[in-house]
Protein chains: 2
Amino acid sequence: MDVTQALLLLKEKGYKHTGKREQMLQLFSDQKRYIAAKDVLEAMQGDYPGLSFDTIYRNLSTFVDLGILEMTELDGEKKFRFSCSVGEHHHHIICLTCGKTKHIHLCPMDQLGDSADFKIVGHKFEIYGYCSECINE
Amino acid sequence: MDVTQALLLLKEKGYKHTGKREQMLQLFSDQKRYIAAKDVLEAMQGDYPGLSFDTIYRNLSTFVDLGILEMTELDGEKKFRFSCSVGEHHHHIICLTCGKTKHIHLCPMDQLGDSADFKIVGHKFEIYGYCSECINE
DNA sequence: CTTGCTGCAAACTGTTTGCATCAAT
DNA sequence: ATTGATGCAAACAGTTTGCAGCAAG
C-alpha cells in the first residue's frame, strides 16, 4: 500500500485530504517499521509544531479501520505499534530497539491440527530481536 | 507448581506467609486459566472485603519474579493476565472468554532457521479461541 | 457553507509508587 | 522488635472522548 493509493482510498470513503494525514502515511511508507504513536508524533512535530496526540490517534485508528495500517502490541509493551499493512497472511521478526520488521512466511497454524475442545479464531506469532543496526549499543 | 511448594519458595526468599498470598496461589492452582488482576481481586473479595489492587499487583509481580506465575498480554488487550507457570517451554491456546488454556507442544521457532540480520531474543506464539464451555454464548 | 478535522481539556483504564500503619516472624 | 505486607491516595502512561472552532470539499 503506497501513499497515493491510501489517499485515494481515504477520498473514496469520504475522508478529507490533509497535510498531516499525508505525512503520516508517508512516514509509514518510508519506514518499514512498527512505530508507536509517540514516535509518529515526534517525527511530525518538525513540520507541525502544534500537532496533538489526539490527531495522531484518530488518524492511526482510521488507517487501521481502512486496512492501510496494521497494529500490534509487542509482548510486555503497554502501547500499540503501527506499520504498513500487506495483504497476505504473514508474521514478523521485530527489532526491539527501532521497530524494524522482517516478514516471516512460516505460519505455525499450518502445522497445527484442529483442536477438539477449542474453536480457534485467531493467533499471534511474533519474533523479537535486534536488527544489525541496533545490535551494537 | 502447587501451593505448598510455592509457599515454601516464598519463605525461602524471605517473603512472609499471609492468608491473601496463600489464597491467591490457591486460586491459580485451582483454575488453570489466564486471569486478569481485576478478576483475581473479585475472586478474593468474598474473603477479604477490603482487599486492594495494590496488594494484588504487588503479589502478582512477586510471584512472576519467583517464577511461580507467568504473565502475558492477549493480542489487543490492554491488560496483563497471569497463570501458573510450568517449567518447560510451551505455548497456549487461550479462551478469549474465560481465559482457560491448553498447552501446545509445537514451537514454531524449531522450524525457523537463523536469521542473518536479526539477533533473536524472544518470541510470542499464542492461539486465541473459545473453549467448549464458552462457545455457546 | 457544510462536513469532516483538529486542539484543548478532561476522562478513562490498567498499573505503579510513597507513605504511614499493621501484622508475621 | 524487626521487617515485610497492606491500604490509601496519588501519580503515571497510553489511549479515548466531548466540545467548539477551523479548514477542506
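Residues numbered from 1 in each chain as written. Chains lettered and ligands numbered in written order. Predicted model: local features only at pLDDT ≥ 70, side-chain atom pairs only at ≥ 80, totals over all residues. Heavy atoms only, no water.

1. Focus: the overall build of chain A
Right, so step 1: Assigned secondary structure in chain A consists of 4 helices and 6 strands.
Right, so step 2: Starting at the N terminus and ending at the C terminus, chain A contains elements arranged as α-α-β-α-α-β-β-β-β-β.
Right, so step 3: For chain A, the spread of C-alpha atoms along the three principal axes comes to 50 × 45 × 25 Å.
Right, so step 4: Across chain A, contacts joining residues at least 24 apart in sequence account for 50% of those joining residues at least 6 apart.
Right, so step 5: For chain A, the accessible surface area stands at approximately 7,400 Å², while carbon and sulfur atoms represent 48% of it.
Right, so step 6: In chain A, 16 positive and 20 negative side-chain charges are present, and the distance between their average locations comes to 5 Å. (Helix = DSSP H or I, 4+ residues; strand = E, 2+ residues; numbered from the N terminus. Contact = heavy atoms within 4.5 Å. Areas by Shrake-Rupley, 256 points an atom, 1.4 Å probe, with all protein chains shown as cover. Lys, Arg positive; Asp, Glu negative; His and termini not counted. Charge placed at Lys NZ, Arg CZ, Asp CG, Glu CD.)

2. As for the sheet that holds strand β2 (residues 69-72) of chain B
Sheets are built from strands that pair by backbone hydrogen bonding, the pairs being arranged parallel or antiparallel.
Residues and elements named next belong to chain B.
Right, so step 1: Spatial ordering of the open sheet is given by β1-β3-β2, a layout of 3 strands whose pairing is antiparallel. With partners counted over all chains shown, the strands left at the sheet margins are β1 (35-36) and β2, one partner each.
Right, so step 2: Of the pairings in the sheet, the one linking β2 to strand β3 (residues 81-84) comprises 4 bridges and is antiparallel in character. When the bridges of β3 are listed, Leu-69 appears paired with Cys-84. (Pairing = 2+ DSSP bridges.)

3. Observations regarding the UniProt feature "binding site: Fe cation" (unreviewed entry) in chain A
All names here are of chain A.
Right, so step 1: According to UniProt, the "binding site: Fe cation" (unreviewed entry) feature falls on His-89 and His-123. The greatest C-alpha distance among the residues just named is 11.4 Å, despite their covering 35 residues of sequence, which places them together in space.
Right, so step 2: Along the chain, the position of His-89 falls in the loop between β3 (81-84) and β4 (91-95).
Right, so step 3: Those residues in contact with His-89 that lie beyond four places of it in its chain are Cys-107 and His-123.
Right, so step 4: A polar atom in the side chain of His-89 sits 3.2 Å from the side chain of His-91. (UniProt positions renumbered as here; feature names shortened; annotations may be inferred. Polar contact = N/O pair within 3.5 Å; in protein donor to acceptor, adjacent residues only side chain to side chain.)

4. With respect to the protein's contact with DNA strand D
Right, so step 1: The environment of DNA strand D is made up of 22 residues, and the closest members are A:Tyr57, B:Lys16, B:Arg21, B:Asp54 and B:Thr55.
Right, so step 2: The contact in question runs from a phosphate oxygen of DNA strand D to an N or O atom on the side chain of B:Arg21, over 2.3 Å.
Right, so step 3: The side chain of B:Asp54 places a nitrogen or oxygen atom 2.5 Å from a base nitrogen of DNA strand D.
Right, so step 4: Going through the elements one at a time, α4 (53-65) of chain A together with α2 (19-30) and α4 (53-65) of chain B are the ones with two or more residues in the surface near DNA strand D.
Right, so step 5: By residue number, the principal contributor to the surface near DNA strand D is α4(B), which donates 4 residues.
Right, so step 6: Partitioning the surface near DNA strand D into residue classes produces 5 nonpolar, 7 polar and 10 charged. (Near = heavy atom within 4 Å. Nonpolar A, V, L, I, M, F, W, Y, C, P; charged D, E, K, R; others polar.)

5. Observations regarding the domain arrangement of chain A
All names here are of chain A.
Right, so step 1: Along its sequence, chain A is organised into domain 1 (3-82) and domain 2 (91-136).
Right, so step 2: Tallying the contact residues gives 9 residues for domain 1 and 10 residues for domain 2.
Right, so step 3: Here domain 1 packs against domain 2, burying approximately 800 Å² in sum over the two surfaces, 48% of which is carbon and sulfur.
Right, so step 4: Taken as a group, Arg-33, Tyr-34 and Leu-74 account for 57% of the area that domain 1 buries against domain 2, more than any other trio of residues on that side.
Right, so step 5: Across the contact surface, domain 1 and domain 2 share 0 salt bridges.
Right, so step 6: Linking domain 1 with domain 2 are 7 residue pairs in polar contact (both at pLDDT 80 or more), by the criterion used here.
Right, so step 7: Residues of the side of domain 1 that touches domain 2, tallied by class, amount to 2 nonpolar, 1 polar and 6 charged. (Domains from an automatic or database assignment. Buried area = accessible area lost by both parts, 1.4 Å probe. Salt bridge = Lys/Arg side-chain N within 4 Å of Asp/Glu carboxyl O.)

6. Quick notes on the pattern of salt bridges
Right, so step 1: Taken as a whole, this structure holds 10 salt bridges over all chains when the rule is applied.
Right, so step 2: Linking B:Lys124 and A:Asp75 is a salt bridge whose minimum nitrogen-to-oxygen distance equals 2.9 Å. Residue B:Lys124 is located in strand β6 (residues 118-131), and its partner A:Asp75 is located in the loop between β2 (69-72) and β3; the two belong to separate chains.
Right, so step 3: The partly exposed category is assigned to A:Asp75, whose relative accessible area is 38%.
Right, so step 4: The closest approach of N and O atoms between A:Glu126 and A:Lys124, which form a salt bridge, is 3.7 Å. Across this residue pair, the class does not change: A:Glu126 and A:Lys124 are buried. (Buried < 20%, exposed > 50% of the residue type's maximum accessible area, 1.4 Å probe, protein only.)

7. Points about the packing of α2(B) against α4(B)
Residue and element names in this part refer to chain B.
Right, so step 1: Two elements in contact, α2 and α4, have axes separated by 11 Å at closest approach and are oriented at 65°. Comparing the axis directions of α2 and α4 gives the class roughly perpendicular. Along this stretch, α2 crosses α4, giving a crossing that reads as right-handed. Residues Lys-20, Arg-21, Met-24, Leu-25 and Phe-28 of α2 lie in contact with α4, whose contacting residues are Thr-55, Ile-56, Asn-59, Leu-60 and Phe-63.
Right, so step 2: The residue inventory of the contact of α2 with α4, partitioned by class, reads 6 nonpolar, 2 polar and 2 charged. (Axes fitted to C-alpha atoms, helices over the stretch in contact; angles between N-to-C directions. Parallel < 35°, antiparallel > 145°, perpendicular 65-115°, else oblique. Left-handed = near helix turned anticlockwise from the far one by under 90°.)

8. Here we look at the side chain of A:Thr101
Right, so step 1: Topologically, A:Thr101 is positioned in strand β5 (residues 101-104).
Right, so step 2: A relative accessible area of 17% places A:Thr101 in the buried class.

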